[in-house]
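Breakdown of the fold
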Amino acid sequence: MSHLGGGSLLLAWQLKGKHVLIVGGGDVASGRIESVLAADARVTLISPSNGLHTLTKSFLDGPHNITYHDRIFGGVEDLAGVDLVLTAIDDVAQSRVICGLCRELKIPVNVADIPESCDFYFGSQIRDGPLQIMISTNGNSPKLANIIRKKVEQSLPEHAGDAITRVGELRVKLKERAPGVGGAIGKRRMRWMIDVCTSWEMEELALLDDQMIRRLLDDGWEKNAVPSPGELGARSSRQAYHVKTTLTAPDVFVMTLSFVAGAACAGLCLLARRR
């Protein structure tokens, strides 16, 4: 077994409706803004306007939940009612001051490029709809985290985000039919969902629609079975593409005949012009 110490606790932190203060508006800060907006946070941004990155400006101009103050950090009063603080400024001394104030007030803080002043790190992230994957080097090498992220992203199956969305919808509908937490019904729900996810291909799950979900529940859950996609009339995008691109012998003959006829017509036209 590998050594257990020295790591971080990786969590999917729910920031919806939480108040996040971001100090700084440059390149790094713009990435922080994007991350917390994706988590539906309520953002306050403090930064002089002459230091705003183009992406930061676009966030301020858009329909986002951001309160902007065109100034530098003003002190402890800027931390009132704040749930999380992110700093991304070039002033190291000021960053340490902000970090100290946050820790006195028990507010989680991340100070860009100063790992020892961070209660948590921003890893390199992959997102495809509800699918989120974070690669963390625990502050040791953000660049390597980015390189690893790209390799992981290339290995992911197509349609993963869509498949997760559809399976989530199926799970909600199943809970409506078979409500309850724990117990025999909860175990049966879990087992059936596992069987569906392992029996169907990713792209087949991605093609689930409301009608197929209803049929899957009627013919599957109610009968304690897992119908195949074909039994529900599903066709994978790969199969659909294959059908569209596979040509029969008559198709090839017609296409060849059309080509020859077109070439002959073109030749006759050229001869007529020369005469």
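Reference entry: report on the structure contained in this document. (Residues numbered from 1 in each chain as written. Predicted model: local features only at pLDDT ≥ 70, side-chain atom pairs only at ≥ 80, totals over all residues. Heavy atoms only, no water.)

**Points about unusual backbone geometry**
- Its identity as a non-glycine residue notwithstanding, Lys 106 has a phi of 60 degrees, on the positive side.
- Look at Lys 106 and you get exposed, because its relative accessible area is 73%.
- In this structure, Asn 138 takes a positive phi of about 55 degrees despite not being glycine.
- With respect to the secondary-structure elements, Asn 138 resides in the loop between β7 (131-135) and α4 (142-155). (Buried < 20%, exposed > 50% of the residue type's maximum accessible area, 1.4 Å probe, protein only. Helix = DSSP H or I, 4+ residues; strand = E, 2+ residues; numbered from the N terminus.)

**Considerations on the pattern of salt bridges**
- Tallied over the full model, the rule gives 10 salt bridges.
- Residues Arg 177 and Glu 222 are paired through a salt bridge, measuring 3.0 Å at the closest nitrogen-oxygen approach. You can see Arg 177 sitting in helix α5 (residues 160-177) and its partner Glu 222 sitting in the loop between α8 (210-221) and α9 (237-245), a full 45 residues away along the chain.
- Residue Arg 177 is classed as partly exposed on the basis of its relative accessible area, which comes to 35%.
- Sharing partners across several salt bridges, the network here consists of Arg 177, Asp 218 and Glu 222. (Salt bridge = Lys/Arg side-chain N within 4 Å of Asp/Glu carboxyl O.)

**Things to note about the pairing of strand β2 (residues 42-46)**
- Counting buried positions over the 5 residues of β2 gives 4, a clear majority of the element.
- Of the pairings in the sheet, the one linking strand β1 (residues 19-23) to β2 comprises 5 bridges and is parallel in character. Across the sheet, the residue bridging to Val 20 is Val 43, located in β2.
- Crossover β1 to β2 through helix α1 (residues 27-38) is right-handed.
- Looking at chain direction, β2 and strand β3 (residues 66-69) are connected through 4 bridges and run parallel. The residue bridging Leu 45 from the neighbouring strand is Tyr 68, located in β3.
- Crossover handedness for the path β2 to helix α2 (residues 54-61) to β3: right-handed. (Pairing = 2+ DSSP bridges. Right-handed = clockwise from strand over helix to strand, strands pointing away.)

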